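Fold and geometry: a report
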Amino acid sequence: MQCWICAAPANGTCRFCGRAVCRQDAKLHSFVLEVYPADGTLYGLAVEDALYCGVCKPRAEPVRMDFLSEPPEAVSNDTGKQ
Ligand SMILES: [Zn+2]
Ligand SMILES: [Zn+2]
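Here goes a summary of the coordinates provided. Model, not experiment: these values are computed from the prediction. (Residues numbered from 1 in each chain as written. Chains lettered and ligands numbered in written order. Predicted model: local features only at pLDDT ≥ 70, side-chain atom pairs only at ≥ 80, totals over all residues.)

With respect to the nonpolar core
In this structure, Cys-3, Trp-4, Ala-10, Cys-14, Val-21, Tyr-52 and Cys-53 together form the largest nonpolar core, which totals seven residues. Ignoring anything within four residues of it in the chain, the contact list for Val-21 reads Cys-3, Trp-4, Ile-5, Ala-10, Gly-12, Cys-14, Ala-26 and Cys-53. (Core = buried A, V, L, I, M, F, W, Y, C linked by C-beta atoms within 7 Å. Buried ≥ 20, exposed ≤ 12 C-beta atoms within 10 Å, placed from the backbone. Contact = placed C-beta atoms within 7 Å.)

Next comes the structure, spelled out in structure tokens:
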């Protein structure tokens, strides 16, 4: 695999978009593993220095994932047939 930026042999891939980058072009960016509510506040488990390509644009705030949610009825119907 080659670096997305300079085409040198890549040393790793961006944690956010998957682009391969070499050690020289790699940057660091905090990466949120998990967000959970506690005591009325949102807490997050994060890696402060995740590998980042410097090209993509990780969102500072969570993106809505409405398209992932499906009605629970559809799931139970599928399992019921088998
Ligand atoms: Zn490079
Ligand atoms: Zn990236």
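Considering the pairing of strand β3 (residues 27-38)
Within β3, only zero of the 12 residues are buried, which leaves it mostly out in the open. In this structure, β3 lies alongside strand β4 (residues 41-52), joined through 10 bridges in antiparallel fashion. Residue Lys-27 lies in a different strand from β4, and its bridge partner there is Tyr-52. Hairpin connection between β3 and β4: a loop of two residues separates the two successive antiparallel strands, and Asp-39 in this loop has a positive phi of roughly 55°. (Helix = DSSP H or I, 4+ residues; strand = E, 2+ residues; numbered from the N terminus. Pairing = 2+ DSSP bridges.)

A look at unusual backbone geometry
A positive phi is found at Ala-7, a non-glycine position, where the angle reads about 70°. Its place among the elements puts Ala-7 in the segment before β1 (12-13). Residue classification places Ala-7 among the exposed positions, given that 9 C-beta atoms sit within 10 Å. One non-glycine residue, Asp-39, lies in the positive phi region at around 55°. Among the secondary structure elements, Asp-39 is positioned in the loop between β3 and β4.

Without other data, these values stay purely geometric and don't point to any function.
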